[in-house]
Protein chains: 2
Amino acid sequence: MQLDHRYIVLAHGGGGQLTSDLIAQAILPALDNPVLAKLGDSAVLEFAGQRLAFTTDSYVVQPIEFPGGDIGRLAVCGTSNDLAMAGAEPLALSLALILEEGLEIATLQRIMASIAAAGSEANVRVVTGDTKVIERGRGDGMYITTSGVGRVLPEARLGYERIEPGDVILINGGIAEHGLTVMSRRKGLEFGSRLKSDAAPLAGLANQLVRELKDAVRLLRDPTRSGVAGVVAEIAGASGKSIELYEEQIPLTADARAAAEVLGLDPLTIANEGKFMAVVRADAAEQALAVMRSHPLGRQAAIIGRMTPETPALAELVTVIGGRRVVQMPYGEQLPRIC
Amino acid sequence: MQLDHRYIVLAHGGGGQLTSDLIAQAILPALDNPVLAKLGDSAVLEFAGQRLAFTTDSYVVQPIEFPGGDIGRLAVCGTSNDLAMAGAEPLALSLALILEEGLEIATLQRIMASIAAAGSEANVRVVTGDTKVIERGRGDGMYITTSGVGRVLPEARLGYERIEPGDVILINGGIAEHGLTVMSRRKGLEFGSRLKSDAAPLAGLANQLVRELKDAVRLLRDPTRSGVAGVVAEIAGASGKSIELYEEQIPLTADARAAAEVLGLDPLTIANEGKFMAVVRADAAEQALAVMRSHPLGRQAAIIGRMTPETPALAELVTVIGGRRVVQMPYGEQLPRIC
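Residues numbered from 1 in each chain as written. Chains lettered and ligands numbered in written order. Predicted model: local features only at pLDDT ≥ 70, side-chain atom pairs only at ≥ 80, totals over all residues. Heavy atoms only, no water.

**Student:** Is there a simple way to explain the overall build of chain A in this structure?
**Tutor:** What chain A contains, in helices and strands, is nine helices and 14 strands. Its C-alpha atoms put chain A at 55 × 50 × 50 Å along the principal axes. In chain A, 84% of the contacts between residues at least 6 apart in sequence involve partners at least 24 apart. For chain A, the separation between the mean place of its 32 positive charges and that of its 40 negative charges on side chains is 2 Å. (Helix = DSSP H or I, 4+ residues; strand = E, 2+ residues; numbered from the N terminus. Contact = heavy atoms within 4.5 Å. Lys, Arg positive; Asp, Glu negative; His and termini not counted. Charge placed at Lys NZ, Arg CZ, Asp CG, Glu CD.)

As structure tokens, then:
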């Protein structure tokens, strides 16, 4: 296959189209196997007659501490959330640290305390780990890679192939807060003081949704890198069915809206770390909304879209003024080093 | 607890005493739990009535390609070997890449091909992954973090507490080759051309040993960072029993011996990536040796030591000329960025 680039560029890490291309062209061909090829948030394996979810993520966020969180909280939330999106209860995490020579040990200790606190919230523990040190100037303070294992709930029947026209799309609250917080912190913008990252462990709420709605839940996805836009573009592509999103239904705080305007960014493409989208059967939509709103992480939950029978399969946004535009997978990175 | 350092230094990543101190002082206190506290190569969890092994390692080796292997082969071997040391069959790996802007995509493709080849040898597949990109000058080509899950063999009953005086220690072949290869490559030393890394997947041999000898196998450990010295010091410390190693029995090629002399390094402290040590019940020692020698990765296997009833618990080397010296956990790093 013809590669578009000869060298890695930052945008290869943005989680958008260019990341997908890199994975498709330089990574998958070597490793090709049916579990990996699904490219879900987690792999699901058979183990002792049950379904085991297994996932990994590296965190390279800069700065490593920001309002509402830090690289450690991000790692614990991100990895346990990926398990939750596979319909799994998180069981255990691994923690691999790449530390840069010169990092203050007090900083490491703060991050470790944050990892522990996030683990308590997420009801999951770090059971194994590794520590490496690289020379000054070969890293950026610290990089963290967490992996996680979880037990897929027996009730969970999730998959793109289960999505049908008429299904409804929900989100558990306001979008774009994580990405805007980190970016505004980096730019030293004033409004940063009112925004904070939404980084939060979603497994409690996501597991409850699966337990109560059972197979009426078709798919769970968390809109991290590449945001809500990335998720809906992926759903349309993978399910072969169209999506309509209603802009006026998508929760967005005034602070986040203002920050996105100043930065010139589309909130739909910005990373979240404490939000997830659920595709549910139409007759279960109100129940799903009630379950979300009764949970502390879902007070602002909303129905934001639905699957439609239109062909070809596209994700479209119905704007506040009634216009329509296609929502595409962002091409490269909007915001490098956001997670 | 009083920390010896205020900042991270390279030696914190050497796998020796200073790494242990950092983990004990800055990492474990926050995360304290009984599974992690065992600090084994893998955590062992209960899942659906069976034992699930779970492990992680980051790889920061420099250069990323060297005689006998590369960072990708190292990652697959290292992580599947950690599962094997827990008495487990590797089931699946995760692969998290941190790529530096400017890395040649052709290099990434070579490493991916190497990962695939090592996965075939180790009979394990990459089932989930992640890709991040960092700015030029914030990394060093690429860092890889692999995690693995495996099924602990029903026959496996491994643990420091099972070790008894009289038990015998075996190794499956010549030591110090990985560390010396990488270091000589870095120094541009001539003898490098005859040495190559021993990086190899050990699960086939290690699993066979457990299946055939069952509970006569007391412990399996791979002498990676901090080498054979680190393993025996750890065994003495954790089991509370003494060890005698016989220098003249420890396999070491003439090339490796010469390289260690030129570099001024003790082969016992140098990293291996295709060797493991087995502590077995005395009456099973000959059978263990036969199993090892019948396997392609164990042709040079040898009995290199035994547990003794001496107190206090110490690891001692009986030298070729009949002297004795205490073998200690290396303090800091001998060879930075070796894995």
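What follows continues from the structure just given.
**Student:** In this structure, what is going on with the relation of the copies chain B and chain A? I would like to understand it.
**Tutor:** Relating the two copies of this chain is a rotation about some axis coupled with a shift parallel to it. After a rotation of 180 degrees and a shift along the axis of 0.0 Å, chain B superposes on chain A with an RMSD of 0.0 Å. Expressed as an axis order, the relation between the two copies is that of a two-fold axis. (Least-squares fit on C-alpha atoms with pLDDT ≥ 70 in both.)

**Student:** Would you explain the state of the cysteines in this entry?
**Tutor:** By definition, a disulfide is the covalent link that joins the sulfur atoms of two cysteine residues. All names here are of chain B. One pass over the full model with this rule turns up zero disulfides over all chains. Cysteine 339 carries a free sulfur, and the closest cysteine sulfur to it, the one in cysteine 77, is 12 Å from it. Its relative accessible area of 6% is what places cysteine 339 among the buried residues. (Disulfide = S-S within 2.5 Å. Buried < 20%, exposed > 50% of the residue type's maximum accessible area, 1.4 Å probe, protein only.)

**Student:** Any chance you could explain the pattern of salt bridges here in plain terms?
**Tutor:** Close approach of charged atoms allows side chains of opposite charge to pair. Going through the model one piece at a time under the given rule, you end up with 44 salt bridges over all chains. Where salt bridges share partners, they join A:Asp57, A:Arg225, B:Asp130 and B:Lys132 into one cluster. (Salt bridge = Lys/Arg side-chain N within 4 Å of Asp/Glu carboxyl O.)

**Student:** Which parts of the structure should I look at to understand the pairing of strand E13 (residues 315-318) of chain A?
**Tutor:** In the case of a regular strand, side chains alternate between the two sheet surfaces. Residue and element names in this part refer to chain A. Summarising the sheet, strand E10 (residues 242-246) and E13 pair through four bridges and their orientation is parallel. Along E13, the bridge assignment pairs leucine 245 with leucine 317. Sheet topology note: the E13/strand E14 (residues 324-326) ladder contains three bridges and is antiparallel. The residue of E14 that forms the bridge with glutamate 316 is valine 326. In this structure, the hairpin formed by E13 and E14 is closed by a connection of five residues, where glycine 322 is found at a positive phi of approximately 90 degrees. (Pairing = 2+ DSSP bridges.)

**Student:** Teacher, can you tell me more about helix H5 (residues 177-187) of chain B here?
**Tutor:** Residue and element names in this part refer to chain B. For H5, a buried count of eight out of 11 residues is recorded, marking the element as mostly surrounded by other parts of the structure. Check the buried side of H5 and you find it contacts strand E3 (65-66), helix H3 (71-85) and helix H8 (254-263). Among the residues trailing H5, glycine 188 stands out with phi positive, at a value near 65 degrees.

**Student:** So what exactly am I meant to see when it comes to the sheet that holds strand E6 (residues 125-134) of chain A here?
**Tutor:** The pairing of strands in a sheet comes from backbone hydrogen bonds and takes either a parallel or an antiparallel form. Residue and element names in this part refer to chain A. Here five strands make up an open sheet; going across it, the order is E1-E2-E7-E5-E6 and the pairing mixed. At either end of the open sheet lies a strand with only one pairing partner, and these are strand E1 (43-47) and E6. On average, each strand axis in the sheet is inclined to that of its neighbour by 20 degrees, with strand direction left out of account. As paired elements, strand E2 (residues 50-59) and strand E7 (residues 142-152) share eight bridges and run antiparallel to each other. Its bridge partner being in E7, phenylalanine 54 is matched across the sheet by valine 149. The strands that helix H4 (residues 105-122) touches are strand E5 (88-100), E6 and E7; relative to E5, the one it contacts most, it runs at about 175 degrees. (Axes fitted to C-alpha atoms, helices over the stretch in contact; angles between N-to-C directions.)

**Student:** Would you mind showing me how to read the domain arrangement of chain A here?
**Tutor:** Residues and elements named next belong to chain A. Along its sequence, chain A is carved into domain 1 (1-39), domain 2 (40-152) and domain 3 (160-327). The centre of domain 2, based on its C-alpha atoms, is set 23 Å off from the matching centre of domain 3. If you look at the interface, domain 2 gives 21 residues, while domain 3 gives 21 residues. Carbon and sulfur atoms supply 61% of the area buried between domain 2 and domain 3, which totals about 1,800 Å² over both sides. Sorting the residues of domain 2 by area buried against domain 3 places Pro67, Asn81 and Met85 first, and these three jointly supply 32% of that buried surface. (Domains from an automatic or database assignment. Buried area = accessible area lost by both parts, 1.4 Å probe.)

**Student:** Honestly, the packing of aromatic side chains in this entry has me stumped. Any pointers?
**Tutor:** The description of two aromatic rings rests on the distance between their centres and on the angle between their planes. As enumerated under the stated definition, the model contains two aromatic pairs over all chains in all. Both rings, one in A:Phe47 and one in B:Phe47, keep their centres 5.6 Å apart while their planes meet at 75 degrees; by these two values the pair is edge-to-face. Here B:Phe47 lies in strand E1 (residues 43-47) and A:Phe47 lies in strand E1, a pairing that spans two chains. Take A:Phe47 and B:Phe47: they sit in the same class, and that class is buried. Plain terms: the ring middles of A:Phe54 and B:Phe54 are 6.4 Å apart, the flat faces sit at 85 degrees to each other, and that makes the pair edge-to-face. Within this pair, whereas A:Phe54 is found in strand E2, its partner B:Phe54 is found in strand E2 (residues 50-59), the two belonging to separate chains. (Phe/Tyr/Trp six-rings, centres within 6.5 Å; stacked < 30°, edge-to-face > 60°.)

**Student:** Sorry, what's going on with the sheet that holds strand E8 (residues 168-171) of chain B here?
**Tutor:** Residue and element names in this part refer to chain B. The mixed open sheet is built from seven strands, whose spatial order is E9-E11-E8-E12-E10-E13-E14. Looking at strand neighbours, the two that pair on one side only are strand E9 (217-221) and strand E14 (324-326), the edges of this open sheet. Going from strand to strand, the sheet's axes swing by 25 degrees on average, the running direction of each strand aside. Relative to the sheet, helix H6 (residues 203-213) contacts E9 and strand E11 (277-280), its axis offset from that of E9 by approximately 175 degrees.

**Student:** Quick question: what am I supposed to make of the packing of helix H5 (residues 177-187) of chain A against helix H8 (residues 254-263) of chain A here?
**Tutor:** For any two helices packed against each other, the geometry comes down to the angle between their axes and how far apart the axes lie. Residues and elements named next belong to chain A. Contact geometry of H5 with H8 gives a least axis separation of 10 Å together with a crossing angle of 50 degrees. Considered as vectors, H5 and H8 are oriented oblique to each other. Our pair here, H5 against H8, has a crossing hand that is left-handed. Taken together, the residues of H8 that come into contact with H5 (itself represented by Glu177, Leu180, Met183 and Lys187) are Ala256, Ala259, Ala260 and Leu263. Taken together, the residues of the contact of H5 with H8 sort by class into six nonpolar, no polar and two charged. (Parallel < 35°, antiparallel > 145°, perpendicular 65-115°, else oblique. Left-handed = near helix turned anticlockwise from the far one by under 90°. Nonpolar A, V, L, I, M, F, W, Y, C, P; charged D, E, K, R; others polar.)

**Student:** Just checking my understanding: could you explain the side chain of B:Asn33 for this structure?
**Tutor:** The topology assignment puts B:Asn33 in the loop between helix H1 (17-31) and helix H2 (34-37). Polar side-chain contacts of B:Asn33 include one of 3.2 Å to the backbone nitrogen of B:Val35. Only 2.9 Å separates the side chain of B:Asn33 from the backbone nitrogen of B:Leu36, close enough to count as a polar contact. Setting aside chain neighbours within four positions, we find B:Asn33 in contact with A:Arg125 and A:Val126. (Polar contact = N/O pair within 3.5 Å; in protein donor to acceptor, adjacent residues only side chain to side chain.)

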